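# Geometric and topological summary
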Amino acid sequence: MEQIICDNISIGYDNKSIMENLTFSIKEKDYLCIVGENGAGKSTIMKTILGLLPALKGEIKLAGNFTRKDIGYLPQQTVIQKDFPATVSEVVMSGFQSKCGLRPFYKREEKQKMHKILEKLGISNLQKRCYRELSGGQQQRVLLGRALCGTGKMILLDEPVTGLDALATEEMYELIKGLNDDGITIVMISHDIRSAIKYATHILYLQNDSYFYGTTLEFIKSDLSEKFAGFIGGHN
């Protein structure tokens, strides 16, 4: 079942187009990796999907009863965020704020969901720790937990492993794959072609003058295979 349909859209800033005539869809339980050259529009298209930027042309359709409130978002972390003086549980629970309205408290079921998410992400033992005292990998798990509190359907992630060491990177990829296996749609910007091929079901590859969209197998068999032969390896 389709959740988001991008129909012949052009993206950019201040009416200046970065990429034109993009057409693709995101279906329930997809794992879509957005990869490509620097400046090709990866973050711009994610912000356009989120409604933070308008499409310069074309239309983004939300299918069925799917709404943008069903999307959790994990942006690139800033220096200010890394020094945020709150406990892990406070940061994760803040993911419910968009659903609280004028209600100045969290419901019991929201607190229960928060605890289940902490357990799933392997950070239950950190819930009383100050967020800024955590390692980079732990902080990313906390922010992923916050995004999960806002949705049970789709999560958008903007290069979630940036700055992490090799072990924390692999653990983050496995966590994200586990969420996808549980039925959550994943849309992730990545510079890591090898991991995109390993984990994603679909790939959107942006170049400065064109794009590719299709399944991972179609990407491997495409004309791009020669360019990324060293990354594709035994996946052919």
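In what follows, the structure referred to is the one given above.
These lines cover the structure that appears in this document, whether it is placed above or below. Because the structure is a prediction, the values reported are computed rather than measured. (Residues numbered from 1 in each chain as written. Predicted model: local features only at pLDDT ≥ 70, side-chain atom pairs only at ≥ 80, totals over all residues. Heavy atoms only, no water.)

## Let's talk about the pairing of strand S8 (residues 202–206)
Regular strands place their side chains on alternate faces of the sheet. With five of five residues buried, S8 lies mostly within the body of the structure. The two faces of S8 match: His 202, Leu 204 and Leu 206 on one face and Ile 203 and Tyr 205 on the other face are all buried. Relative to S8, strand S3 (residues 31–36) runs parallel, the two being bridged by five bridges. Across the sheet, Val 35 pairs through a bridge with Tyr 205, a residue of S8. In the sheet, S8 pairs with strand S9 (residues 211–215) via five bridges, with the strands oriented antiparallel. The residue of S9 that forms the bridge with Leu 204 is Tyr 213. Between the end of S8 and the start of S9, which pair antiparallel, lie four residues. (Buried < 20%, exposed > 50% of the residue type's maximum accessible area, 1.4 Å probe, protein only. Helix = DSSP H or I, 4+ residues; strand = E, 2+ residues; numbered from the N terminus. Pairing = 2+ DSSP bridges.)

## Details of unusual backbone geometry
Notably, Asn 15 is not glycine yet its phi reads approximately 65°, a positive angle. Among the structural elements, Asn 15 can be located in the loop between strand S1 (2–13) and strand S2 (16–27). Residues other than glycine seldom take positive phi values, yet Lys 29 does so here, at roughly 75°.

## Looking at the side chain of Ser 94
Looking at where Ser 94 falls in the secondary structure, it is placed in the loop between helix H3 (88–93) and helix H4 (97–100). Classification of Ser 94 as buried rests on a relative accessible area of 13%. Within the structure, the side chain of Ser 94 is placed 2.7 Å from the side chain of Arg 146, a separation counted as a polar contact. Ignoring any residue separated from it by four or fewer positions in sequence, one finds Ser 94 in contact with Tyr 106 and Arg 146. (Polar contact = N/O pair within 3.5 Å; in protein donor to acceptor, adjacent residues only side chain to side chain. Contact = heavy atoms within 4.5 Å.)

## Regarding the layout of surface pockets
Rolled over the atoms, a probe with the dimensions of a water molecule shows which regions are left empty. Reported here for the second largest pocket is a volume of approximately 310 Å³. Around the second largest pocket sit 19 residues that line it, and Gly 136, Gly 137, Gln 140, Thr 162 and Leu 164 are the ones nearest its centre. Among the elements of the structure, helix H6 (136–149) and helix H7 (166–181) are those that each provide at least two residues to the lining of the second largest pocket. Counting residues per element, the lining of the second largest pocket draws most heavily on H6, which supplies five residues. Looking at the lining of the second largest pocket, its residues break down into five nonpolar, nine polar and five charged. (1 Å grid on protein atoms, 1.4 Å probe; cavity = no way out; pocket = protein on both sides within 12 Å on 5 of 7 lines; lining within 4 Å. Points joined across faces, edges and corners; volume = space filled by probe spheres on them. Nonpolar A, V, L, I, M, F, W, Y, C, P; charged D, E, K, R; others polar.)

## Looking at H6
Three- or four-residue spacings in an α-helix give side chains the same orientation, since the helix completes a turn every 3.6 residues. Compared with the 20 Å implied by 1.5 Å per residue over 14 residues, the 20 Å span of H6 between its first and last C-alpha is a close match. Residues of H6 that are buried: Gly 137, Gln 139, Gln 140, Arg 141, Val 142, Leu 143, Leu 144, Gly 145, Ala 147, Leu 148 and Cys 149. (Expected span 1.5 Å × (residues − 1).)

## Re the packing of helix H5 (residues 108–120) against H6
It is the contact of H5 with H6, at a shortest axis distance of 10 Å, that shows an interaxial angle of 140°. In terms of their interaxial angle, H5 and H6 are classed as oblique. Relative to H6, the crossing made by H5 is right-handed. In contact with Lys 113, Met 114 and Ile 117 of H5, H6 contributes Gly 145, Leu 148 and Cys 149. By residue class, the composition of the contact of H5 with H6 is four nonpolar, one polar and one charged. (Axes fitted to C-alpha atoms, helices over the stretch in contact; angles between N-to-C directions. Parallel < 35°, antiparallel > 145°, perpendicular 65-115°, else oblique. Left-handed = near helix turned anticlockwise from the far one by under 90°.)

## Some remarks on H7
Its 16 residues place the ends of H7 23 Å apart at the C-alpha level, agreeing with the 22 Å of an ideal helix rising 1.5 Å per residue. If you check which residues of H7 are buried, you get Ala 168, Thr 169, Met 172, Tyr 173, Leu 175, Ile 176, Leu 179 and Asn 180. Each buried residue of H7 lies within a common arc of 160° when the element is viewed along its axis, so the set occupies one face. What points out from H7, more than 90 degrees from its buried face, is the exposed set Ala 166, Leu 167 and Asp 181. In this fold, the buried residues of H7 make contact with S3, H5, H6, strand S6 (154–158), strand S7 (185–189) and helix H8 (193–199). (Arc of directions from axis to C-beta.)

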